[in-house]
Amino acid sequence: MLYQICHGAVSFGDEEILHDINFEIRNTEKIAVVGRNGCGKTTLLKLIHGEVDLEKRDSDEDVFIAKAGNPQIGYLKQIAFEDPSITLEQEVRKVFAPMERRKKELEAAAVALETDYSEEAVAKYTAMEEKFKEDGGYYFEKEYDVIIRKFGFSEEERKKPLSEFSGGQQTKIAFIKLLLSKPDILLLDEPTNHLDITTIEWLESYLKNYPKAVVVVSHDRMFLDNVVDVVYEIEYGTATRYPGNYSNFMERKKENYNKLMKDYNAQQKEIARLQRIVDRFKNKPTKVSMAHSKEKAIEHMVKIEAPDRFDTRTFHANFEPEKETGNDVLLISDLQIGYDHPLSTVNLDLKKGDKLGILGGNGLGKSTLLKTLVGQLPALSGGYHFGTNVQIGYFDQQMAMYSSRKTVLDDFWDEFPNLTETEARNALGAFMFTGEDVFKNIDMLSGGEKVRLALCKILKRRPNVLILDEPTNHMDIVGKETLESMLKDYSGTLIFVSHDRYFVRKVANRLLVFEDGTTNLYQFGYEEYQQKLDREAEESAGSYRKTPAALGGAISQNGASIASGKASGAAEAGKMDGAGKKAYYNPGKERSKIEKKVKRAEEELAVKEEKLEALKAELLRPEYQSSYSKLTEIQAEIDALEEEILEDMENWEALSQQLEELEV
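Given the structure is predicted, the values throughout are model-derived calculations rather than measurements.

Participant: What am I meant to see in the pattern of salt bridges here?
Facilitator: Where charged atoms of side chains with opposite charge meet at close range, the side chains can pair. Under the counting rule described, the total for this entry stands at 36 salt bridges. Glu 100 is the salt-bridge partner of Arg 93, the closest N and O atoms lying 3.2 Å from each other. Residue Arg 93 is classed as partly exposed on the basis of its relative accessible area of 25%. In this structure, Asp 145 and Arg 158 form a salt bridge, with 2.9 Å as the shortest nitrogen-oxygen distance. Here the residue Asp 145 occupies a position in helix H5 (residues 140–150), and Arg 158 occupies one in the loop between H5 and helix H6 (167–181), the gap between them amounting to 13 residues. Residue class for Asp 145 comes out partly exposed when judged on its relative accessible area of 23%. Sharing partners across several salt bridges, the network here consists of Asp 145, Arg 149, Glu 155 and Arg 158.

Participant: Got a minute to help me understand the confidence of the model for the protein in this structure?
Facilitator: Residues shown with low pLDDT carry predicted positions that ought not to be read at fine detail. Confidence in the prediction for the protein averages 84 pLDDT; 89% of positions are at 70 or higher. Within the protein, strand S16 (residues 493–497) carries the highest mean pLDDT (97), whereas strand S19 (residues 554–555) carries the lowest (39). Predicted confidence for residues 543–585 stays below pLDDT 50, and this span has 99 contacts to residues more than four positions away or in other chains.

Participant: Even after reading the chapter, I still don't get the sheet that holds strand S11 (residues 342–351), so can you show me in this structure?
Facilitator: In space, the three strands of this open sheet follow the order S11-S10-S13, with antiparallel pairing throughout. Looking along the sheet, the strands with just one partner apiece sit at the ends: S11 and strand S13 (381–386). For this sheet, the mean angle separating the axes of adjacent strands, direction not counted, is 15°. Sheet topology note: the strand S10 (residues 328–338)/S13 ladder contains five bridges and is antiparallel. Considered in S13, the bridge of Leu 331 is made with His 385. Sitting on the sheet, helix H11 (residues 366–373) touches S10, S11 and S13, and the angle it makes with S10 is about 120°.

Participant: What exactly am I supposed to notice about helix H7 (residues 197–208) here?
Facilitator: The periodicity of an α-helix, 3.6 residues per turn, causes residues three or four positions apart to be oriented the same way. Here H7 spans 17 Å end to end across 12 residues, near enough to the 16 Å set by a 1.5 Å rise per residue. Three or more residues of H7 are buried, namely Ile 197, Thr 199, Ile 200, Glu 201, Trp 202, Leu 203, Glu 204, Ser 205, Tyr 206 and Leu 207. Its side-chain oxygen 3.3 Å from the backbone nitrogen of Thr 198, Asp 196 forms the N-cap of H7.

Participant: Mind showing me how you'd approach the sheet that holds strand S4 (residues 64–67) here?
Facilitator: As a general point, the strands of a sheet are linked pairwise by backbone hydrogen bonds and lie either parallel or antiparallel. Spatially, the three strands line up as an open sheet ordered S2-S1-S4, and their pairing is antiparallel. Looking at strand neighbours, the two that pair on one side only are strand S2 (15–25) and S4, the edges of this open sheet. When the angles between neighbouring strand axes are averaged without regard to direction, this sheet yields 25°. Across seven bridges, the pairing between strand S1 (residues 3–12) and S2 is antiparallel. If you follow Gln 4 over to S2, its bridge partner there is Glu 24. Along the sheet face, helix H1 (residues 41–49) touches S1, S2 and S4 and points at about 120° away from the line of S1.

Participant: I would appreciate a short explanation of the nonpolar core in the present structure.
Facilitator: Where a protein is soluble and globular, its nonpolar side chains tend to be buried together. Phe 151, Leu 179 and Leu 207 are the most contacted members of the largest nonpolar core, which has 48 residues in total. Sorting elements by how many residues they give to this core places H6 first, with seven residues. No fewer than three residues from each of domain 1 (1–72 + 183–244) and domain 2 (85–166) sit in this core. Sequence-distant contacts of Phe 151, that is, excluding residues within four places in its chain, are made with Lys 172, Phe 175, Ile 176, Leu 179, Leu 195, Thr 199 and Trp 202. Within the second largest apolar cluster, 46 residues are counted, among which are Ala 317, Leu 419, Ala 508 and Leu 511.

Participant: Mind showing me how you'd approach the packing of aromatic side chains here?
Facilitator: Here the distance between the centres and the angle between the planes together describe a pair of aromatic rings. Per the counting criterion, the structure on display carries 17 aromatic pairs. Here Tyr 206 and Tyr 210 contribute two aromatic rings whose centre-to-centre distance is 6.2 Å and whose plane-to-plane angle is 35°, an arrangement assigned as tilted. Residue class for Tyr 206 comes out buried when judged on its relative accessible area of 3%. When its relative accessible area of 2% is taken as the criterion, Tyr 210 is described as buried. Their ring planes at 35° and their centres at 4.9 Å tell us that Phe 412 and Phe 416 sit as a pair that is tilted. Each member of the pair, Phe 412 as well as Phe 416, is classed as buried. One aromatic cluster is present, built from ring pairs that chain together Phe 151, Phe 175, Trp 202, Tyr 206 and Tyr 210. Directly above the ring of Tyr 144 sits Arg 93, whose terminal nitrogen or CZ lies 5.3 Å from the centroid.

Participant: Can you help me understand the pairing of strand S18 (residues 518–522) in this one?
Facilitator: For a regular strand, the rule is simple: side chains alternate between the two faces of the sheet. Bridge count for strand S17 (residues 510–515) against S18 is five bridges, and the pairing is antiparallel. The partner of Leu 512 across the bridge, within S18, is Leu 521. The loop that links S17 with its antiparallel partner S18 comprises two residues; one of these, Asp 516, has a positive phi angle of about 50°.

Participant: Even after reading the chapter, I still don't get the environment of Ser 344, so can you show me in this structure?
Facilitator: Mapped onto the elements of the fold, Ser 344 is located in strand S11. Placed 25 residues apart in sequence, Ser 344 and Leu 369 show a C-alpha to C-alpha distance of 8.8 Å. When sequence neighbours within four positions are dropped, the list of residues in contact with Ser 344 reads Leu 335, Gln 336, Ile 337, Leu 364, Phe 514, Gly 517, Thr 518 and Thr 519.

Participant: What should I look at first to understand the environment of Phe 386 in this one?
Facilitator: By the element assignment, Phe 386 lies in strand S13. Considered as a pair, Phe 386 and Asp 328 are 58 residues apart in the sequence and their alpha carbons are 7.9 Å apart. Look past the residues within four positions of Phe 386 in its chain and what remains in contact with it is Val 329, Leu 330, Leu 373, Ile 392 and Ile 467.

Participant: How should I be thinking about the pairing of strand S6 (residues 185–189) in this particular structure?
Facilitator: The buried fraction of S6 is high, at four of five residues. Here three bridges tie strand S5 (residues 73–75) to S6, and the two strands are oriented parallel to one another. Across the sheet, residue Ile 73 finds its bridge partner in S6, namely Ile 185. Bridge count between S6 and strand S7 (residues 213–217): five bridges; the pairing is parallel. Note on S7: the bridge partner recorded for Ile 185 is Ala 213. Each parallel crossover has a hand, and for S6 linked through H7 to S7 it is right-handed.

Participant: How should I be thinking about H11 in this particular structure?
Facilitator: Counting buried residues in H11 gives seven out of eight residues, a clear majority hidden from the surface. Buried residues of H11: Lys 366, Thr 368, Leu 369, Leu 370, Lys 371, Thr 372 and Leu 373, and no others. Note on H11: the residue one or two positions beyond its end, Gly 375, has a positive phi of about 85°.

Participant: Before we go on, may I ask you to explain the environment of Tyr 264 in this structure?
Facilitator: Mapped onto the elements, Tyr 264 comes out in helix H9 (residues 246–281). Residues Tyr 264 and Lys 303 lie 39 residues apart in sequence; the distance between their C-alpha atoms is 8.5 Å. Among residues more than four places away in sequence, those in contact with Tyr 264 are Ile 304, Glu 305, Ala 306 and Pro 307.

Procedures and definitions
Residues numbered from 1 in each chain as written. Predicted model: local features only at pLDDT ≥ 70, side-chain atom pairs only at ≥ 80, totals over all residues. Heavy atoms only, no water. Salt bridge = Lys/Arg side-chain N within 4 Å of Asp/Glu carboxyl O. Buried < 20%, exposed > 50% of the residue type's maximum accessible area, 1.4 Å probe, protein only. Helix = DSSP H or I, 4+ residues; strand = E, 2+ residues; numbered from the N terminus. pLDDT = per-residue confidence, 0-100. Contact = heavy atoms within 4.5 Å. Pairing = 2+ DSSP bridges. Axes fitted to C-alpha atoms, helices over the stretch in contact; angles between N-to-C directions. Expected span 1.5 Å × (residues − 1). Polar contact = N/O pair within 3.5 Å; in protein donor to acceptor, adjacent residues only side chain to side chain. Core = buried A, V, L, I, M, F, W, Y, C linked by side-chain atoms within 4.5 Å. Domains from an automatic or database assignment. Phe/Tyr/Trp six-rings, centres within 6.5 Å; stacked < 30°, edge-to-face > 60°. Lys NZ or Arg CZ within 6 Å of the ring centre and 35° of its normal. Right-handed = clockwise from strand over helix to strand, strands pointing away.

Here it is, written out as structure tokens:
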């Protein structure tokens, strides 16, 4: 047991946030903490990190936090950098100061061995070197390079002062530092916010292979399915542990609820039967003793409590567009979008009822396209045309940052002055602004509440074309599911940007994918799109697109960068033989030789990677979790195999580079 909370409770003032919390982190578990907005998920992370304390009780005998040793706990929170004038590179490399120091100590120990061959000196060096290797000492430079690139920072940006980065970029920099610091328990609160899909997929692979424990709060269901092996749900102030990923948790929760309800109903039925006997015979002299025995039976029963119903409170809006559009909704022809220079060129023919999901990396122009379509930005060239009767409802992700001192009711009324108070409050009530909530100031609302208010105002106008930019940010999972259902049933036309793959999969029936200055339109949804990528990966030998984290290099458990080695130069056309004479060079023969080597390298890599996955699966077997020696043995095999894969990968990249240059 790495970390444990027993019967914990946390209160702020008179409000109890968490009560009777039992929470455990075992070995290298990847744990999700899920629940409704405001249920106490972030409070639990702060409790683990030591920022808040357990509530004191009259008797603390069964209330405690226990740790195995002194684990390092890393938590990403609001960051204020000590010196904003230093560069990104300088700030991030602070993490490596201990490793740099150990590297110098190791080098010094190696030099000392030249004069001191004693058994003690050799043993000391060997122990230092093994520990240095185990902690990723030979890989941290490559890992640094890969993570910087995967989070979207260019070579030029590494030299920029921290003060020149936006708040979101500074959060990414702090996140990079946290990952590279390799804490024993990694606490992450909504880590996928503001990351594009490629980076999210890379992060999934990194966290799955992270050699220590991870506790993550996230509303990204596909991310949770791909990363975690344990789920804690916080509901009604307490936590319940479920083995498996998010989808498994949902199934188990429903099964548990149904079983508890069945048991409860059966007991209530039995109590009612016994009570009828008591009521019928308690006043009959010949039956008094039987009546008393049935009464005692009821009293001695261990009563089953009725299970709490799922907390599914959410907004709702069953609306239809005020007008219908024609069949042709939007035609885009060679539209260049951007600010001072083109980001992408877009062509699109959108029909009535289409639900278009827009995907792509950050900075490629997804939000810029939406801003251009609603007239907030001018087109750089080309054009677009909306069809007849089009009425647009536009949601900008910045609406969650909206600031105003008005009350919710007044803010809503300003936009719909002809509504009566009852009509206005009914509309707001559908989006969970009930009772005194309507008199809250806008500035007092959470990001999720501001999103609900914005959607309430947009849908009240009953548009027939919805243009939504990251509408699920700040929403909990129940809110996302509600919006999914609404948009699937929406009879109008939908254009939306989202990095939530589960949401895209549920809603979109067409995809527009931004890739390196161009856009590709697919006449199917996300599931078919992923299948297409998988087929391409299988058909294209050496392509690692099927494993998204390999795009640009995955990180192994000991920090090794897979697919980040630099390729060597092409074979020189004029090689010299041993006598110094120019050897005859046959390009076709050379190409054939290299192709065979590439194929052989790919086959060997495939075998080793399959073996690596089997070893990682073995590492998670329940029967080995209490055997330190067995876990150490398997981990040693994994580390050795990952080093072999790293070398083979670099060899494969060098051969591939040679082959590409021969084909030019």
